[in-house]
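# Chain and residue survey
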Amino acid sequence: MGVGTLLQDTRARFGLAVLAMAAIFAVIAPLVAVDPSVQRDIVATRFLAPFTTDLHGTFHLLGTDRFGRDVWARLVFGARVSLSVGVLAVLLSVVIGLAIGAAAGFWQGRVGVLLLGLTDFALALPRVVLLLLLASLWQPSAALVIIVLGLTGWMTIARLVHSEVRALAARPFVESAVALGVKGPRVLVRHILPNALTPVIVAAALGVGNAIMLEAGLSFLGLGVQPPTPSWGNLIASGRDTLVNAPWVATAPGVALVLVVVAATLLGDAVRDRLDPAGKRVSG
Amino acid sequence: MLRTVFVRSIAGAAVVIGVVTLMFFLIRMAPGDPALLLVGPTATQEQLTAQRRDLGLDRPVPEQYATWLSRFVRGDWGTSIASGRPVRAMISAAWPATVSLVGLSLILSYLLGILVGAIQATRGGRLDTALSVVSVTLFAVPGYWLGLMLVMVFTYWARALPAFGAAGLDADFLTGWDQIADRLRHLALPLATLTLIGVGGTARYVRGSMLDVRNAPHVAIARAKGLSSLQVSVRHVLRNALIPVLTLLGLSLPALFSGAVFIEAIFAWPGVGRIMVEAVGARDYPVIMAATAVSAMLVVLGNLLADALTAWADPRVRIAEPSEGAV
């Protein structure tokens, strides 16, 4: 599968463009916005509407919040936190899911049954309940959110990897590797896993969107990333009380969040359709 | 059939026990002391020790667990540390609100989602593309944010619908139709939020599932028999496409309950989710445990129900039952 064929898909083009833009803005945040933690004048710049210029001559693209902070600046600095939390959480899930799924698929005896049972059990846990408890009982922080999201999100990946590994283990090229004298774990790591990675990539792309959304949810409830560090979730929360007189404060981060999650979902859909000719669906 | 139900029920009970056990030890591992919250920061060490003894917190954790579990199973759920009210009364007052919200939105979002997905798969073209954009957007919208936006439009701008609670302040004085209308008006925004989010996921799934079934041999035969395209769509495509959707229904229940936690927090809906959020903040151990157990039970029961529905809709599942291979 080449990137070229993927780019023929409108969904993939849109998804990649939005995600790339969000990532670029997050990286170059200090160049396109003033660091929101540096604040000069609270009173004169409170609740300015979008597209206004304040008394100091600073232009506010998305207006300001109740502390006179520029919403655009908070948004791009928040993107750094939200995107990296989402990506790191999914990476953690992928590592755990790969390990458990591969082990369960390769050692199909008692180990496999045990690991699959564990996966099914974890899948039945009410995730948000667990997130709420973990995040609120320990001191909330970005690191905790990553760990909690990672620990509660590996199950779908483990199941995918498990079924892939099982199917691959019966294929002739694996049997011939075994016949040539390649030993247990090495067969798994060198011959099976590299061929099982594609569905994992799709699941990860879809998972990033979900993780960003959950991070925002936890931060919204005050259990995630703590203010004044901006994340899209606590930005939405901070706009909640000013919905009447400054609706832009809550609207802007929400729109950004929806765009990024839509982009991740569409990209995941497009990649899946490319990878899986059997399940090919008419593209929307 | 009965055997499957029995096996599933045992597995479900094991999941519930596992969940509450995990939660119990996680809570005890976490920092924070409910006794300290109860006696306040100015209390002496003796008062704190006495309070901890009263709550049974001075015992070893496994012993606390055994005590809690045996009481819980016998229906003694203890009293709330924060409010002093019996936990069972709190939960039994709250769960109908959660179940009615989640249940109604489940029904509505599946009906709407199946309708939208079926239209997309049958009509195709521009309409399909437009509806795909809508459904993927709804799928991506976080519930609490959609809730806020609906509050902004319908409560603050249009001044049409209430944003908080399940009934108005004057609810006790209303009778008959007025009372029902008041309830419905309070239900409107939380229900709309939860339903809209669900519609996106369901429509996406139904569309994909129908497109898969459309190319199956039995559909070609149905067409060859000369059935009208509506008959083929409804009788042969949609019906078969709905089987994986029923499975999805079971799988989506935990997510729906999770979503309800946020929605209840936003709209001050007096359900289990809101009790949970409040109890977690107050380190209210008995309430957290009871709310966790109840939500785990609701999820497991929902999964059982979805399994039963799948078996009812798909004869193959019923027939294939004795063999072990059907996963």
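Residues numbered from 1 in each chain as written. Chains lettered and ligands numbered in written order. Predicted model: local features only at pLDDT ≥ 70, side-chain atom pairs only at ≥ 80, totals over all residues.

Glancing now at the overall build of chain B. Of regular secondary structure, chain B possesses 13 helices and zero strands. Starting at the N terminus, the α and β elements of chain B follow one another as α-α-α-α-α-α-α-α-α-α-α-α-α. Along the first, second and third principal axes, the C-alpha set of chain B runs to 85 × 60 × 35 Å. Taking all 327 residues of chain B together, 38% fall into the buried category. Counting only contacts in chain B whose residues sit at least 6 apart along the sequence, the fraction spanning at least 24 positions is 72%. (Helix = DSSP H or I, 4+ residues; strand = E, 2+ residues; numbered from the N terminus. Buried ≥ 20, exposed ≤ 12 C-beta atoms within 10 Å, placed from the backbone. Contact = placed C-beta atoms within 7 Å.)

Attention now moves to the overall build of chain A. When its secondary structure is counted, chain A shows 12 helices and two strands. Helices and strands in chain A line up, N terminus first, as α-α-α-β-β-α-α-α-α-α-α-α-α-α. For chain A, the spread of C-alpha atoms along the three principal axes comes to 80 × 45 × 30 Å. Sequence-distant contacts, at least 24 apart, represent 69% of the contacts inside chain A between residues at least 6 apart.

Let us look at the environment of Val189 of chain A. Relative to the helices and strands, Val189 of chain A resides in helix 10 (residues 184-220). When the C-alpha atoms of Val189 of chain A and Ala102 of chain A are compared, they prove to be 9.0 Å apart, with 87 residues separating the residues in sequence.

Residues and elements named next belong to chain A. For the pair helix 10 and helix 11 (residues 232-240), the least separation of the axes is 7 Å and the interaxial angle reads 40°. By the angle between their directions, the pair helix 10 and helix 11 is classed as oblique. With respect to the hand of their crossing, helix 10 and helix 11 are arranged in right-handed fashion. Each of Glu215, Ala216, Gly217, Leu218, Ser219 and Phe220 in helix 10 lies in contact with helix 11, whose residues at this interface are Trp232, Gly233, Asn234, Ile236 and Ala237. For the contact of helix 10 with helix 11, a count of residues per class yields six nonpolar, four polar and one charged. (Axes fitted to C-alpha atoms, helices over the stretch in contact; angles between N-to-C directions. Parallel < 35°, antiparallel > 145°, perpendicular 65-115°, else oblique. Left-handed = near helix turned anticlockwise from the far one by under 90°. Nonpolar A, V, L, I, M, F, W, Y, C, P; charged D, E, K, R; others polar.)

Let's shift gears to the environment of Thr122 of chain B. In this structure, Thr122 of chain B sits in helix 5 (residues 87-123). In sequence terms Thr122 of chain B and Leu230 of chain B are 108 residues apart; their C-alpha atoms lie 9.1 Å from each other.

The interface is formed by 36 residues belonging to chain A together with 44 residues belonging to chain B. Elements represented by at least two residues in the side of chain A that touches chain B include exactly helix 5 (110-124), helix 6 (127-137), helix 10, helix 11 and helix 12 (248-275) of chain A. Across the side of chain A that touches chain B, the residue classes tally to 26 nonpolar, seven polar and three charged.

All names here are of chain A. Take Val208: it is sitting in helix 10. Each C-alpha atom, one on Val208 and one on Val148, is 14 Å from the other, the two residues being 60 residues apart in sequence. When residues no more than four places from it in sequence are discounted, the contact partners of Val208 are Gly86, Val87, Val90 and Ala264.

Bringing unusual backbone geometry into the picture now. Residue and element names in this part refer to chain B. With a phi close to 50°, Ala268 is a non-glycine residue in the positive phi region. Turning to its location among the elements, Ala268 is positioned in the loop between helix 10 (229-267) and helix 11 (272-281). Here Ala268 falls in the partly exposed class, since 14 other C-beta atoms lie within 10 Å of it.

Attention shifts here to the nonpolar core. Core analysis: the biggest nonpolar cluster contains 169 residues, and Leu132, Leu133 and Leu257 of chain A together with Met276 and Ile288 of chain B have the highest contact counts within it. Among all residues touching Ile288 of chain B, those that are not within four sequence positions of it are Leu133 of chain A together with Ile27, Met276, Ala279 and Val280 of chain B. (Core = buried A, V, L, I, M, F, W, Y, C linked by C-beta atoms within 7 Å.)

Where burial is concerned, little of helix 9 (residues 172-179) of chain A is hidden: zero out of the eight residues are buried. Just downstream of helix 9 of chain A lies Gly181 of chain A, where phi reads positive at about 100°.

The next subject is the confidence of the model for chain B. All names here are of chain B. When pLDDT is averaged along chain B, the result is 80; 93% of the residues meet or exceed 70. Confidence, read as mean pLDDT per element, is least for helix 13 (residues 315-319) in chain B (58) and greatest for helix 5 (88). At the level of chain-chain contacts, confidence expressed as ipTM amounts to 0.78, with global pTM at 0.79. (pLDDT = per-residue confidence, 0-100.)

In low-pLDDT regions, the fine details of the predicted coordinates are not to be read closely. Residues at a pLDDT of 70 or more form 91% of chain A, whose mean pLDDT is 81. At the level of individual helices and strands, chain A shows its lowest average pLDDT in helix 1 (residues 3-7) of chain A, which scores 71, and its highest in helix 4 (residues 71-106) of chain A, which scores 90.

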